[in-house]
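Structural overview for review
This is what each chain is made of:
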Amino acid sequence: MIDSNSILNSLDDVVLLIDSDLIFRKYWANDECVLWEPLEQFLNKKIKEVFPCDQELNISKCIEHAFATQKNNQVIYYSKENDKHRCYRVKLNLIHTINNVGKKYMLLIVGDCTVEVEVKEQKRIFEGIVSQDWDAITFANLEGMVQYINPAANRLYGYKEKELIGQHVDIFNSQQEHDTEEIIQTIIDTGVWSGEMVQIRKDKTVFDAFLSVQLIKDSTGKPIGYASHSKDISGRKETAKKLKKIIEERETLLKEIHHRVKNNLQVVTSLLSLQANIIDDKKIKQIFEQSQYRINAMATIHKTLYQSEDFLTIGYGQYMKALAHYLILSIKGDDKNVALSIDAIDVKLNIDTAIPLGLLINEIITNSLKYGLKGDTKGEIYIKLKLLEYPNYLLHIGDNGVGFSNTINSKTTKSLGLKLICNLVRQLKGKITKKSTQKGTHYVIAFQEIV
């Protein structure tokens, strides 16, 4: 028959024999230094001689109570060893025999439970934090069975906690537009999944939710379950729909405004054209024509905005091309003798800058076509616009025509076009330089976008 001492000595826990006088009489252990004191120090000593005074009273009372009630019990003992806190579970197991002098005995089974106590404390703290979260948080095992749910999840899904523990996570999901098994496989493969899905409450009402699920692993890296975080986004999606509708309505309104402004300006241009056709005086007729060109420069801005998806800025390369072609056809009748070069890659300007810059370009091109490339003279007009460091831009514009005298002063000239060019440069907080090193008329204009 197996010796009982051998059995007791093979246990991981320490077994101590104590009598009703609270004196230790014997011990069994496979390691005599497993406790805070060597086990031989326990023999024939009272509890108060072995346990620190702050713990002794509590343990003594528990043992005396167990002897008095004849009921087994347990107590947690805390010890500080080498500046580290250790926890021991002390199980009080009565021996229902009395010796010849009337003494009772009890076995104290002592085991280190430090890790267990720390894990429970961490879990308590974690659950305390999670319970305060406004969003639904759920923990499930690898089979998808709910193990924990926070109060926010109870409110979101309309269940009580006890109703959900042990239920499969499918109880939350409406199965609309998603596959639970596919999601679980993604989590197994990548460790995480997130996305929108339609979830369902206890009362069968559905709602849009943003769900994120993460695979939970133990300290060895072994998967043990899933943690999910769910947020009701129905209100947010409804607000987004309303905002989208408002934006679409405003875009439609802006498009209509630009369309009407463009049409109105074209009406003015047509009226000027009709008036010019019945005027015999060449100078007055020329004034009417130049006014037409200037109004068209503004109308083309609104036309470009009307045709664009962006109502705040204008793709300026497209605009300058349309403006230049209009002027060439209006002044020359066709474009076969004028080569046009435009370089304005990805340049976009707001309407407050686009209009004065458009009028400025209109004046320079008009002068080039009328005075630089006279008659059927073949030539080239170029426009190059580039962004330096926002909000600074640089415009190169000119032609290879006959040019004009350097003695002309824009401040004293009677030419409305030249005065307008200077005023528009000033409006753009810019600086204009006329280059005279090559044939034709060439300007370099540095300016800022108006913000």
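Note that this is a predicted model, so its numbers are computed, not measured. (Residues numbered from 1 in each chain as written. Predicted model: local features only at pLDDT ≥ 70, side-chain atom pairs only at ≥ 80, totals over all residues. Heavy atoms only, no water.)

1. Considering the pairing of strand E16 (residues 431–435)
- When E16 meets strand E17 (residues 441–448), the two strands line up antiparallel, connected through 5 bridges. For Lys434, the partnering residue across the bridge sits in E17 and is Tyr443.
- What sits between E16 and E17 in their antiparallel hairpin is a turn of 5 residues, with Gly440 showing a positive phi close to 100 degrees. (Pairing = 2+ DSSP bridges. Helix = DSSP H or I, 4+ residues; strand = E, 2+ residues; numbered from the N terminus.)

2. A short note on empty space enclosed by the protein
- Tallied over the full model, the rule gives 1 cavity of 30 Å³ or more.
- Contributing to the lining of the largest cavity are 19 residues, with Val169, Asn173, Leu211, Val213 and Ser228 lying nearest its centre.
- Those elements that provide at least two residues to the lining of the largest cavity are strand E6 (136–141), helix H7 (180–190), strand E8 (192–200), strand E9 (206–217) and strand E10 (223–232).
- For the lining of the largest cavity, the element with the highest residue contribution is H7, accounting for 4 residues. (1 Å grid on protein atoms, 1.4 Å probe; cavity = no way out; pocket = protein on both sides within 12 Å on 5 of 7 lines; lining within 4 Å. Points joined across faces, edges and corners; volume = space filled by probe spheres on them.)

3. Remarks on the packing of helix H9 (residues 282–307) against helix H10 (residues 316–332)
- Interhelical geometry of H9 versus H10 gives an angle of 145 degrees and a closest axis separation of 10 Å. By crossing handedness, the relation of H9 to H10 is classed as right-handed. Here Gln292, Tyr293, Asn296, Ala297, Thr300, Ile301, Thr304 and Gln307 of H9 come into contact with H10, specifically with Tyr316, Gln318, Tyr319, Ala322, Leu323, Tyr326, Leu327, Ser330 and Ile331.
- In terms of residue class, the contact of H9 with H10 is built from 10 nonpolar, 7 polar and no charged. (Axes fitted to C-alpha atoms, helices over the stretch in contact; angles between N-to-C directions. Left-handed = near helix turned anticlockwise from the far one by under 90°. Contact = heavy atoms within 4.5 Å. Nonpolar A, V, L, I, M, F, W, Y, C, P; charged D, E, K, R; others polar.)

4. Some remarks on the sheet that holds E6
- Read across the sheet, 5 strands follow the order E7-E6-E10-E9-E8 without closing on themselves; strand pairing throughout is antiparallel. Where the open sheet ends on each side, the last strands, each with one partner, are strand E7 (146–149) and E8. Ignoring strand direction, the axes of neighbouring strands in this sheet form an average angle of 25 degrees.
- Judged from the 9 bridges that link them, E8 and E9 form a sheet pairing that is antiparallel. Looking across to E9, one finds that Ser194 is bridged to Ser212.
- Its contacts with the sheet place H7 against E8, E9 and E10, and it is angled at close to 160 degrees to E8.

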